[in-house]
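# Tertiary structure, described
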Amino acid sequence: WFFKTIKGDLGYSQTAKMSVVDAIKKYLPATIELAIFSMIPIFIIGNLLGLISARKKDTFYDKLILSISSLLYSMPSFLIGIILLLVFYGFLGIFEPQRYSITTEIMISQNRFVQYTNFMIIDSILNMDFYVLIDSLKHLILPCLTVFLGTSAAFIKITRNSTIEEMGKDYVRTLRAKGLDEEYIFRKHIRKNILIPQITIGGLQMIRLLSGVVITETIFNWPGIGSFGVKAARQLDLSSVMGFVIVVS
């Protein structure tokens, strides 16, 4: 197994009915797509809420943001996912699980939609098919929202704490003493200096998401590397499990 792995041969996947390498190529893009579209709101909304919390320190808004983010962080991701599925799919019938609709699946099976990269967003643009593009984006909403609600708390807190720390430093007091506007100091100096911890925590979050959001992918029947690993483990497909572990590691 070891010498074959060095040569790039990870064996045959009974779960996917193809080689493990081909299975990884098939399932990993779905996880990358989910991770990227989950990190966008974490960076934008998490950054905004963290800055508001820092500037409104010890006020009602600060306590409200910290309380809600801590509550969501402490909730298991499967519970958040099930609640979202129950409300938006079960009651409202708006957002379906899986990666795309039955219509798109039929188009793929009939070769009316070519999967060049296995990234649905990129492939829909290459095919100039805006129906598949909208369909893919629509199916991303619930799993991305689940990931965002479960993981944004750490980003909010690191942004808040870093901002409060920067606001109390000597260079900020000096700029205030020179008569510079508070908003100018915050926008031009403080926000730039808190980028380092934000990029650090954001990078760690991105790596964790790329490793496969196993529970989220399983709940939403998302065909990513995480759900592939779970299916392989259930079927005692050792070659697939080993390939999954190598990718995650």
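Residues numbered from 1 in each chain as written. Predicted model: local features only at pLDDT ≥ 70, side-chain atom pairs only at ≥ 80, totals over all residues. Heavy atoms only, no water.

We now examine the side chain of Ser13. With respect to the helices and strands, the residue Ser13 is situated in strand β1 (residues 12-13). In this structure Ser13 comes out as buried when scored by relative accessible area, which is 0%. Within the local environment of Ser13, its side chain forms a polar contact with the side chain of Ser240, the two groups lying 2.7 Å apart. Once residues lying within four places of it in the same chain are set aside, the contact partners of Ser13 are Met18, Ser19, Val20, Phe228, Asp237 and Ser240. (Helix = DSSP H or I, 4+ residues; strand = E, 2+ residues; numbered from the N terminus. Buried < 20%, exposed > 50% of the residue type's maximum accessible area, 1.4 Å probe, protein only. Polar contact = N/O pair within 3.5 Å; in protein donor to acceptor, adjacent residues only side chain to side chain. Contact = heavy atoms within 4.5 Å.)

Ile42, Leu84, Leu142, Leu149 and Leu209 are the most contacted members of the largest nonpolar core, which has 15 residues in total. Only α2 (20-55), α4 (77-91) and α7 (130-167) provide two or more residues apiece to this core. For this core, the leading source of residues is α7, giving five residues. Excluding residues within four positions of it along the chain, Leu142 makes contact with Leu84, Leu85, Phe88, Phe95 and Phe220. Core analysis: the next-biggest nonpolar cluster, separate from the first, contains nine residues, Leu10, Ala16, Tyr27 and Phe244 among them. (Core = buried A, V, L, I, M, F, W, Y, C linked by side-chain atoms within 4.5 Å.)

Here Gln235 shows up in the loop between α12 (225-234) and α13 (238-248). Looking at Gln235, the relative accessible area reads 51%, which means it is exposed. Note: C-alpha distance between Gln235 and Gln14 (221 residues apart in sequence) is 8.4 Å. Apart from the residues lying within four places of it in its own chain, the contact partners of Gln235 are Gln14 and Thr15.

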